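# Coordinate analysis (summary)
Below are the chains, spelled out letter by letter.
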Amino acid sequence: MVHRRFTDALTGRKEKQMAGKQMAGGHAQDDLFDSILLADERFRGEGYHEGFERGKCRGLREGQRHGASHGAKLSTEISFYHGFAITWKCLLQTNTDIKSRKRLKALEALLGLIQNSPHEDPQSPTLQGDMEKLRAKFRQVCSMLNIPTDFKDYIKTSEGTSF
Amino acid sequence: MKEALSLVQRVNAHPDSRCWFVSWNPSGSLVASCGGDKAIRIWGREGDSWICKSVLQDGHQRTVRKVAWSPCGNYLASASFDATTCIWKKKDDDFESLTVLEGHENEVKCVAWAPSGNLLATCSRDKSVWVWEVDEEDEYECVTVVNSHTQDVKHVVWHPTQELLASASYDNNICIYREEDDDWECRATLQGHTSTVWSLSFDATGQRLASGSDDRTVKIWKEYPNEAGQDLSWKCVCTLSGYHGRTVYDVAWCPLTGVLATASGDDAVRVFKEDESTGPDQPVFSLAAQVTKAHSQDVNCVAWNPKEAGLLATCSDDGDFAIWRFHED
């Protein structure tokens, strides 16, 4: 349909041009042809830019959603460990036996790792590694406290793997 | 070849199942075997034959993958696919379960005692290596959890003289750990194998490490002192390739004679000897003996008797374990 219209338009234009040729100079003629011949390219280009802008917006929104979700998971995980460590520290603080002192030392180390983790900076190159160290320390502390590490109901690590 | 490997005895240790691992006790008088039948069997010599002295059943819910004797010989640790490590205490001729170490998320692939007897290492498919400390009251406590590997950790082994730990993984790497401020950290990553590293073995002095891999090669690594002083530097000084038709599942360096034994998925057992003429930085090993059909299926483990030179134990997917004698005429 479009093709025929184009062809008709082209024929029509040509006729007018022939007539126009006799009237005006050569320039107008070239522009007319150019605008038809390059129409495909022009529309393609316009379409591309429009699509690109729309895609960029969509991408940004999706990225924001993704980031928010991951950030929330990471924060949930870290604050879980934080609350856990603070609670146990309170419970064991007054004990003086060697076992409790060892456990407190491990809890302090866990709190230290939490404090120093670059959780406010998602671009930090050490974030992944530090999170791994933190998780490993948490598992060790749980082992020392004889707590089974089945917290599936409470948290999921930001990797998506079940804790 | 002047040397030979001859069969002493074959035992159907784990009928209708796989025999995954065999381990000699420190005095060389007993062999512990474990398998897919969830059991551990202790074998002792009576005259010329090896007989089953006791069966440790009900300790695990799934396959027992490896067993390890404590340096004093009074304890046995077993690593299982049921995610636990069981510590057994010897009581006369029998063993009783002392404690169960939990914590790994899934299958425990290996357990190893440090030469000091105070430390235990376990590794698992959950990609982590755990170091446990034992105190005077037989209480076990986890001191470190390390996540240096990116895949299943297949094997852990302690250095014979230093407090140093090595691990091998499905991620093709070997990690070396040292303790720093009560925490064990990966100090060096040995890359070179192009597939899973299944096993590791230090030589008698601990200066060299042998590794067996799914890439069908055995690599020999040597430690080089670093100018910086702290960090360790290990380089591959030799690669044995072209000998194994399939995966090398286990390597064992004899502490008495210095020969290297290998267990392979091609059903063969091989013994390699180092050429005397070559220097320590470029060792050359040659095949001293081999039994191409040592078992009817994959050979999973090789272990040298720590006291009797030349006595070798092997085990296989066919459920058997076998005792061999390596001799040089």
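Here is what the cut-offs are and how they apply
- Residues numbered from 1 in each chain as written.
- Chains lettered and ligands numbered in written order.
- Predicted model: local features only at pLDDT ≥ 70, side-chain atom pairs only at ≥ 80, totals over all residues.
- Heavy atoms only, no water.
- UniProt positions renumbered as here; feature names shortened; annotations may be inferred.
- Pairing = 2+ DSSP bridges.
- Helix = DSSP H or I, 4+ residues; strand = E, 2+ residues; numbered from the N terminus.
- Axes fitted to C-alpha atoms, helices over the stretch in contact; angles between N-to-C directions.
- Expected span 1.5 Å × (residues − 1).
- Buried < 20%, exposed > 50% of the residue type's maximum accessible area, 1.4 Å probe, protein only.
- 1 Å grid on protein atoms, 1.4 Å probe; cavity = no way out; pocket = protein on both sides within 12 Å on 5 of 7 lines; lining within 4 Å.
- Points joined across faces, edges and corners; volume = space filled by probe spheres on them.
- Nonpolar A, V, L, I, M, F, W, Y, C, P; charged D, E, K, R; others polar.
- Parallel < 35°, antiparallel > 145°, perpendicular 65-115°, else oblique.
- Left-handed = near helix turned anticlockwise from the far one by under 90°.
- Contact = heavy atoms within 4.5 Å.

- Taking an unreviewed UniProt entry as the reference, chain B is identified by name as Probable cytosolic iron-sulfur protein assembly protein CIAO1 belonging to Scophthalmus maximus.
- The UniProt entry for chain B carries this comment under Sequence similarities (unreviewed entry): "Belongs to the WD repeat CIA1 family."

- For chain A, the name recorded in an unreviewed UniProt entry is Essential protein Yae1 N-terminal domain-containing protein, with Scophthalmus maximus as its organism.

## Here we look at the sheet that holds strand β4 (residues 40-46) of chain B
Residue and element names in this part refer to chain B.
- An order of β2-β3-β4-β5 is seen for the four strands of this open sheet, with the pairing classed as antiparallel. Looking along the sheet, the strands with just one partner apiece sit at the ends: β2 (19-24) and β5 (49-56). Strand after strand, the sheet turns through a mean of 25° between neighbouring axes, direction not considered.
- In this structure, β4 lies alongside β5, joined through seven bridges in antiparallel fashion. Across the sheet, the residue bridging to Arg41 is Val55, located in β5.

## Topic: helix α3 (residues 39-92) of chain A
- Look at α3 of chain A: 78 Å from first C-alpha to last across 54 residues, which is about the 80 Å you get at 1.5 Å a residue.
- Of all the residues in α3 of chain A, the buried ones are Ala39, Leu74, Glu77, Ile78, Phe80, Tyr81, Phe84, Ala85 and Leu92 of chain A.

## A few points about the layout of surface pockets
Residue and element names in this part refer to chain B.
- In this model, the second largest pocket occupies a volume close to 1100 Å³.
- Along its surface, the second largest pocket is lined by 40 residues, and Ser23, Trp24, Trp113, Val157 and Trp158 are the ones closest to its centre.
- Elements represented by at least two residues in the lining of the second largest pocket include exactly β2, β6 (64-69), β10 (108-113), β14 (153-158), β18 (197-202), β22 (248-253) and β26 (299-304).
- A class-by-class count of the residues in the lining of the second largest pocket yields 30 nonpolar, seven polar and three charged.

## Points about the UniProt feature "repeat: WD" (unreviewed entry) in chain B
Residues and elements named next belong to chain B.
- When the UniProt feature table is mapped onto this chain, "repeat: WD" (unreviewed entry) is found at residues 22-43, 57-89, 101-142, 146-177, 190-222 and 292-329.
- This span, residues 22-43, is 0% helix and 59% strand, and a straight line between its end C-alpha atoms measures 10 Å.
- The span residues 146-177 is 0% helical and 53% strand by assignment, and the distance between its end C-alpha atoms comes to 9 Å.

## Overview of unusual backbone geometry
All names here are of chain B.
- In this structure, Asp138 is a non-glycine residue whose phi angle is positive, near 60°.
- Positionally, Asp138 belongs in the loop between β12 (129-134) and β13 (140-146).
- For Arg216, which is not a glycine, the phi torsion comes out positive at approximately 70°.

## Quick word on the pairing of strand β8 (residues 85-91) of chain B
Residues and elements named next belong to chain B.
- Relative to β8, strand β7 (residues 75-80) runs antiparallel, the two being bridged by five bridges. Within β8, the position partnered with Tyr75 by the bridge is Lys89.
- With seven bridges joining them, β8 and strand β9 (residues 94-101) adopt antiparallel strand pairing. Directly across from Lys89, in β9, lies its bridge partner Glu96.
- Connecting β8 to the antiparallel partner β9 that follows it, the hairpin turn spans two residues, and Asp92 within it adopts a positive phi of roughly 60°.

## A few points about empty space enclosed by the protein
All names here are of chain B.
- Within the structure shown, the criterion is met by one cavity of 30 Å³ or more.
- Roughly 50 Å³ of volume is contained in the largest cavity.
- Contributing to the lining of the largest cavity are Phe21, Arg65, Lys66, Lys154, His155, Trp198, Ser199, Tyr249, Asp250 and Asn300.
- Elements with a contribution of two residues or more to the lining of the largest cavity: β6, β14, β18 and β22.
- Per-class residue counts for the lining of the largest cavity are three nonpolar, three polar and four charged.

## With respect to the packing of helix α4 (residues 98-116) of chain A against helix α5 (residues 127-144) of chain A
Residues and elements named next belong to chain A.
- In the contact formed by α4 and α5, the axes pass within 10 Å of each other and the chain directions differ by 160°. Accordingly, the angle class assigned to the pair α4 and α5 is roughly antiparallel. The handedness of the crossing between α4 and α5 is left-handed. For the pair formed by α4 and α5, the contact residues are Lys102, Arg103, Ala106, Leu107, Ala109, Leu110, Leu113 and Ile114 on the first element and Lys133, Leu134, Lys137, Phe138, Val141 and Met144 on the second.
- In terms of residue class, the contact of α4 with α5 is made up of ten nonpolar, no polar and four charged.

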